[in-house]
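# Coordinate analysis (summary)
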Amino acid sequence: MVNVTRIDRKSVVLSPSSLACLAHIPAVNLTSGCAHDCLYCYARGYSVFPGENKVVVYKNTLDKLKRELAHKRTKPQAVYFSPSSDIFQPVSEVIELGYSVLEFLLASGIGIAILTKGFIPNETFKLLLTYPNKVRVQIGIITADDTLRSIFEPNAASISTRLEQMTKLVQCGIVTEARVIPILPGITDEHGSIDQLLSTIASTGVKRVAISTLFLRPAITASLKRRITDNNIFENLLGQFKSEKRLAVHAENSSIIPLSRLKREEIYTRFGQVAKKYALDLSICGCMNPDIGGTCNITGEWPANDTQSSMF
Ligand code: SF4
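Definitions and cut-offs
- Residues numbered from 1 in each chain as written.
- Predicted model: local features only at pLDDT ≥ 70, side-chain atom pairs only at ≥ 80, totals over all residues.
- Heavy atoms only, no water.
- Helix = DSSP H or I, 4+ residues; strand = E, 2+ residues; numbered from the N terminus.
- Axes fitted to C-alpha atoms, helices over the stretch in contact; angles between N-to-C directions.
- Parallel < 35°, antiparallel > 145°, perpendicular 65-115°, else oblique.
- Contact = heavy atoms within 4.5 Å.
- Nonpolar A, V, L, I, M, F, W, Y, C, P; charged D, E, K, R; others polar.
- pLDDT = per-residue confidence, 0-100.
- Left-handed = near helix turned anticlockwise from the far one by under 90°.
- Phe/Tyr/Trp six-rings, centres within 6.5 Å; stacked < 30°, edge-to-face > 60°.
- Lys NZ or Arg CZ within 6 Å of the ring centre and 35° of its normal.
- Core = buried A, V, L, I, M, F, W, Y, C linked by side-chain atoms within 4.5 Å.
- Buried < 20%, exposed > 50% of the residue type's maximum accessible area, 1.4 Å probe, protein only.
- Salt bridge = Lys/Arg side-chain N within 4 Å of Asp/Glu carboxyl O.
- Pairing = 2+ DSSP bridges.
- Near = heavy atom within 4 Å.

### Regarding unusual backbone geometry
Across the chain, the bulk of peptide bonds are trans and the bulk of non-glycine residues have phi less than zero. The omega angle of the peptide bond from Phe-81 to Ser-82 is -10°, so this bond is cis rather than trans. Within the fold, Ser-82 resides in the loop between strand S5 (78-81) and helix H2 (92-107). A cis amide bond, omega 5°, links Ile-181 with the succeeding residue Pro-182. Following the sequence through the fold, Pro-182 ends up in strand S8 (residues 175-183). Even without being glycine, Asn-53 reaches a positive phi, approximately 60°. Assignment of secondary structure puts Asn-53 in the loop between strand S3 (31-32) and strand S4 (54-58). Its identity as a non-glycine residue notwithstanding, Ala-279 has a phi of 55°, on the positive side. Summarising the element assignment, Ala-279 is placed in the loop between helix H9 (261-277) and strand S12 (281-284).

Take a look at the structure:
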């Protein structure tokens, strides 16, 4: 049961992100907290995280967004949803607010880049299809195994729903990519799991996949410890991080505990070999792998805008 509260947002709606992969367009969160409740969610460590099963909806987002854009000399080429929440989380207020915000932005000629693990409602799907050239979608999918999905992403859409959505988006001409983040070491990084996942993704018509392995922060480790009841899964996963060291990342000037570079490179190489088999274009998220580099293409490619850099 998700506890939903509504507040007026005081901070700006269109916010720049400290993530390098998100540097080019502003981002919007409609909520703090996310009903999908993924155990590995990095937003669990944020100061605004309201707690598990709690969602705070910024109910004045649309009005505030309209006022912000009215004062801007140049509109952004596109807006990204969402750095630390999901626009399609299963909360009716969020779905309704999300629809109205998307409708306004698209009608204003502003593109939309979406990352979701949720079910895209039919009405919203129809809206997106009205502007196929203005929409980019990344579907987060870390496993082809729905039992595993239900452990790590308890309230997110089923794997079959996500695959159906990917197929439909591709068929409708919307640029659609998959995002296998995080790869769970010891759980989803073996050749068989990778093959099963990437073959399934390729069968939807998606051609591009972004990857990165899990990293730990105290709040993520705590949620894994508290919520994973299967000892094998727990030990396989957490055991991979024993004696790993902290790594500074750009986002929020924070640090994380990743796998060693060597272990990550081994995993990415395995993914690369399988991706080749299915003719998938693979990219590594540079924000989470600053020692390796790359970009996950999270926002998609948008035409250059000379004045955009001065705005965000
Ligand atoms: S869908 Fe994204 S924002 Fe929501 S809980 Fe999962 S990882 Fe966090």
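We are not done yet, so read on.
### Quick word on the packing of H2 against helix H3 (residues 122-130)
Packing of H2 against H3 leaves a shortest axis separation of 11 Å and a crossing angle of 10°. One element, H2, and the other, H3, form an angle in the roughly parallel class. Where H2 approaches H3, its residues Tyr-99, Leu-102, Glu-103 and Leu-106 are matched on the opposing element by Glu-123, Thr-124, Leu-127 and Leu-128. Its residues placed into classes, the contact of H2 with H3 shows five nonpolar, one polar and two charged.

### Some remarks on the confidence of the model for the protein
Put simply, the protein has an average pLDDT of 91, and 93% of its residues get 70 or more. This model gives residues 306-312 a pLDDT under 50, and the stretch forms 15 contacts once residues within four places in sequence are excluded.

### What about the packing of helix H6 (residues 191-203) against H9?
The relative placement of two packed helices is expressed as an angle between their axes plus a distance between the axes. Two elements in contact, H6 and H9, have axes whose closest approach is 10 Å; the angle formed by their N-to-C orientations is 40°. Comparing the axis directions of H6 and H9 gives the class oblique. Pair H6 / H9 crosses with right-handed handedness. Residues His-191, Ile-194, Asp-195 and Leu-198 of H6 pack against Arg-270, Phe-271, Val-274, Ala-275 and Lys-277 of H9. Looking at the contact of H6 with H9 residue by residue, the class counts come to five nonpolar, one polar and three charged.

### Observations regarding the packing of aromatic side chains
According to the stated counting rule, one finds one aromatic pair in the structure shown. The ring centre of Phe-104 lies 5.6 Å from the NZ or CZ of Lys-66, which sits over that ring. Sitting above the plane of the Phe-125 ring, Lys-168 keeps its charged end 4.1 Å from the centroid.

### A look at the nonpolar core
Core analysis: the largest hydrophobic core is formed by 90 residues, its most contacted members being Phe-81, Phe-152, Ile-201 and Leu-224. Sorting elements by how many residues they give to this core places H2 first, with six residues. Here Ile-201 is in contact with Ile-141, Met-166, Ala-178, Val-180, Val-206 and Val-209, once residues within four sequence places are set aside.

### Focus: the pattern of salt bridges
Counted by the stated rule, this structure contains 15 salt bridges. A salt bridge links Glu-52 to Arg-226, with the shortest nitrogen-to-oxygen separation between them at 2.6 Å. Here Glu-52 is found in the loop between S3 and S4, whereas its partner Arg-226 is found in helix H7 (residues 218-227), with 174 residues between them in sequence. The class for Glu-52 is partly exposed, based on a relative accessible area of 25%. The partner of Asp-291 in a salt bridge is Arg-264, with the nearest N and O atoms 2.6 Å apart. Remark: Arg-264 occurs in helix H9 and Asp-291 occurs in the loop between S12 and helix H10 (308-311); sequence separation between them is 27 residues. According to the relative accessible area criterion, Arg-264 is buried, its value standing at 2%. When salt bridges with common partners are traced through the structure, they connect Asp-37, Arg-44, Glu-52, Arg-226 and Arg-227 into a single cluster.

### Details of the sheet that holds strand S6 (residues 111-116)
The strand order across the open sheet built from seven strands is S2-S5-S6-S7-S8-S9-S12, with neighbouring strands paired in parallel fashion. The sheet is open, and its two borders are formed by strand S2 (27-28) and S12, each paired with just one other strand. Bridging between strand S7 (residues 135-140) and S8 involves five bridges; their strand directions are parallel. Residue Arg-136 lies in a different strand from S8, and its bridge partner there is Val-175.

### Remarks on the site of the ligand
Around the ligand sit Cys-34, His-36, Asp-37, Cys-38, Cys-41, Ser-84, Ser-85, Asp-86 and Lys-117, and that is every residue in its neighbourhood. The residue makeup of the shell around the ligand, split by class, is three nonpolar, three polar and three charged.

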